[in-house]
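Topology and contacts: notes
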Amino acid sequence: MRNVVVVTSDRSVSLQRVANDIKYVFNKNGIHNVKLILSADADPSTYKEVDTAIIVMTFDPAWVLPYMYLARALKNRGKKVFFYTTTEGRIKRIHGDQWIYRDLSFIANSKYTKEKLVEAGARVDAVVYHGTRVDAFKAFKWRAKAIREKLGLSQNDFVVGYIAGGYMRKGHDVFAEVCKIVKEKDPSIKFVILTDRKGASHYNEVDNVILIPEFGKLSQDMVYGLYHTFDLYAQASLSEGYALPIVEALAAGKPVVHADYNPLSEITTPKTSFRVPVIDVSYKREFGAIEYELHFYDPNDFADAIIQAKDEVLKNRSDYKARCIERAKEFDVEKTYKYFVKSSITGGEDLALQV
């Protein structure tokens, strides 16, 4: 029986969710000797009995080097190693990094990520999209009514949701302007935003927004229930390597408003989304060694898209729900992460780029 280890950061909520779902898919396929490690521990004794290692980590040379050292060390010991990664902009080369591009290859989580890795000189073996457990979302629909009541919302309120940490690239400052414009044009629309205290600070004077400043602290079933509370999901971020909340919103049957750039437009379809034109692209470091590729949109355009989406959803709610769930099934974990199960035993190339 194969022994598998899935390694990721102890800090990133989204990466831990991906790592746990990969472990889940291995278990579903009859491989139960799977260990999850939330650190870049490179102690050889930790991996002595390991056959396959899957490292899930952002491709940012400022933070990822310990994980890359680990990948090379395991590979040199004859282990099968998959480095599953994402990036949100231009990767800056650093002094002495030649071994990364010489000795390692990567699995990208989107075509966009693959493009940026190749631009930096990295080898990419496959694209495997992040997945979600579509069936699991159905089980938490019942929470929506209670969550609405707790938030002071009626069952008739039209609610737009956004879930994101407070990083600059998540666009909370721009989205706060969107919320203000929507209030002027359609005060019946309410916003619920799950973020942290930094993100929440942008909405202090926006009174059509209900803030939940507990990003990363809620249980997964509560987050699943929150998606069912929304009528529409807004992915307001300016930069993404994937955007897992989009797939989660689709799994809950909710269409998405987002700026029209990849990878967001890779995930949705025209029939499951309302796309806002990008008017400018710029690059900026927040921290680390990535120049984030920021896709700016006009807040008026985003507000108009939300208002248009409200009208369309209210007319055709059941159709949108069916289309969104059907699209989400293309990203179900048992489909996307089966690549790693298959590849740990054989080549598995036929499972890449399946969406």
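Read on for a plain summary of the structure. In this text, all values refer to a predicted model and were calculated from it rather than measured experimentally. All residue numbers here refer to positions counted from 1 along the written sequence of the relevant chain. Given that this is a predicted model, residues contribute local features only at a pLDDT of at least 70 and side-chain atom pairs are listed and counted only at 80 or more, while totals for whole chains, interfaces and linings are drawn from all residues. The side-chain figures draw on all heavy atoms in the structure; neither hydrogens nor water molecules are used.

Moving on, we get to the overall build of the chain. A helix here means a DSSP run of H or I that spans at least four residues, while a strand means a run of E at least two residues long, and both kinds are numbered starting from the N terminus. When helices and strands are tallied, the chain shows 15 helices and 15 strands. Against the 2.2 N^0.38 benchmark of 20 Å for 355 residues, the chain shows a C-alpha radius of gyration of 20 Å, consistent with a compact globule. For the C-alpha atoms alone, the extent of the chain along its principal axes is close to 60 × 45 × 35 Å. Counting all 355 residues of the chain, 55% fall into the buried class. To measure how exposed things are, a 1.4 Å probe is used in the Shrake-Rupley method; for residues, cover is taken only from the protein chains shown. Total accessible area on the chain is roughly 14900 Å²; 48% of this is exposed by carbon and sulfur atoms. When the 51 basic and 46 acidic side-chain charges of the chain are each reduced to a single mean position, those positions are 5 Å apart. Each radius of gyration is computed over the set of C-alpha atoms, and the globule rule expresses the reference value as 2.2 Å times the number of residues to the power 0.38. Summary of the burial criterion: residues with accessible area below 20% of their type's maximum are buried, those above 50% are exposed, and those between are partly exposed, where the area comes from a 1.4 Å probe applied to protein chains only. Residues scored as positive are Lys and Arg, those scored as negative are Asp and Glu, and His as well as the terminal groups of each chain are ignored. Charged side chains are reduced to one point each, which is NZ for Lys, CZ for Arg, CG for Asp and CD for Glu.

Moving on: the packing of aromatic side chains. The criterion for an aromatic pair is that two Phe, Tyr or Trp rings (for Trp, the six-membered ring) have centres within 6.5 Å, with stacked assigned to planes under 30 degrees apart, edge-to-face to planes over 60 apart and tilted to the rest. Tallied over the entire structure, the rule returns 24 aromatic pairs. Taking the centre distance of 6.2 Å and the plane angle of 45° together, the rings of Y129 and Y242 count as tilted. With Y129 in the loop between β7 (123-127) and α5 (134-138) and Y242 in the loop between β11 (232-235) and α10 (244-251), this residue pair connects regions lying 113 residues apart in the sequence. Across this residue pair, the class does not change: Y129 and Y242 are buried. Three or more aromatic residues link up through ring pairs in this structure, and these residues are F137, F140, Y162, F175, F191, Y224, Y227, F230, Y233, Y297 and F302. Over the face of the ring belonging to Y283 we find R90, whose NZ or CZ atom lies 3.6 Å from the ring centre. Either the NZ atom of lysine or the CZ atom of arginine qualifies as a charge over a ring when it sits within 6 Å of the ring centre and within 35 degrees of the ring normal.

A few words now on helix α7 (residues 172-185). Here a helix's expected span is defined as the number of its residues, less one, multiplied by 1.5 Å. Taking 1.5 Å of rise per residue, 14 residues should cover 20 Å, and α7 covers 20 Å from first to last C-alpha, within 8% of that figure. Within α7 the residues assigned to the buried category are H172, V174, F175, A176, V178, C179, I181 and V182.

The 3 strands are arranged β5-β15-β14 in an open sheet whose pairing can be described as antiparallel. One side of each edge strand has no neighbouring strand; the edge strands of this open sheet are β5 (89-91) and β14 (280-284). The mean inter-strand angle of the sheet, taken between neighbouring strand axes irrespective of direction, is 20°. In this structure, β14 lies alongside strand β15 (residues 290-296), joined through 5 bridges in antiparallel fashion. Bridge pairing in β15 links Y283 to E293. Of the strands in this sheet, β5, β14 and β15 are in contact with helix α4 (residues 111-120), which crosses β5 at around 30°. Pairing between two strands requires that DSSP report at least two bridges joining them. Axis definition: a line fitted to C-alpha atoms, over the contacting stretch in the case of helices. Angles run 0 to 180 degrees between N-to-C directions. Working rule for contacts: check all heavy atoms of both residues, and any pair within 4.5 Å makes them a contact.

This next bit is on the sheet that holds strand β8 (residues 158-163). Here 6 strands make up an open sheet; going across it, the order is β10-β9-β8-β11-β12-β13 and the pairing parallel. Lying at the two open borders of the sheet, with one neighbouring strand each, are β10 (209-212) and β13 (273-276). Direction aside, neighbouring strands of the sheet carry axes that sit 20° apart on average. Judged from the 4 bridges that link them, strand β12 (residues 256-259) and β13 form a sheet pairing that is parallel. Within β13, the position partnered with H258 by the bridge is R275. The strands touched by α10 are β8, β11 and β12; relative to β11, the strand with the most contacts, the crossing angle is about 170°.

Let's shift gears to the pattern of salt bridges. Each salt bridge in this description consists of a side-chain nitrogen of Lys or Arg and a carboxyl oxygen of Asp or Glu lying within 4 Å of one another. Following the criterion strictly, the structure yields 23 salt bridges and no others. For K329, the salt bridge goes to E326, with nearest N and O atoms at 3.9 Å. One end of the pair, K329, and the other, E326, are both in helix α13 (residues 317-329), 3 residues apart, so they sit about a helical turn from each other. Exposure remark for E326: the relative accessible area of 46% places this residue in the partly exposed category. In the salt-bridge network here, residues are joined through shared partners; they are R72, R102 and D103.

Summarising the element assignment, P270 is placed in the loop between α11 (264-267) and β13. Judged by its relative accessible area of 67%, P270 is exposed.

Leaving glycine out, the prevailing phi sign among residues is negative, and the prevailing peptide bond configuration is trans. Of the consecutive residues N262 and P263, the connecting peptide bond is found in the cis state with omega at 15°. Structurally, P263 can be placed in the loop between β12 and α11. In this structure, A243 takes a positive phi of about 85° despite not being glycine. For A243, the location among the structural elements is in the loop between β11 and α10. Take A243: its relative accessible area is 4%, and that puts it in the buried class.

Worth remembering: the numbers are spatial, not functional.
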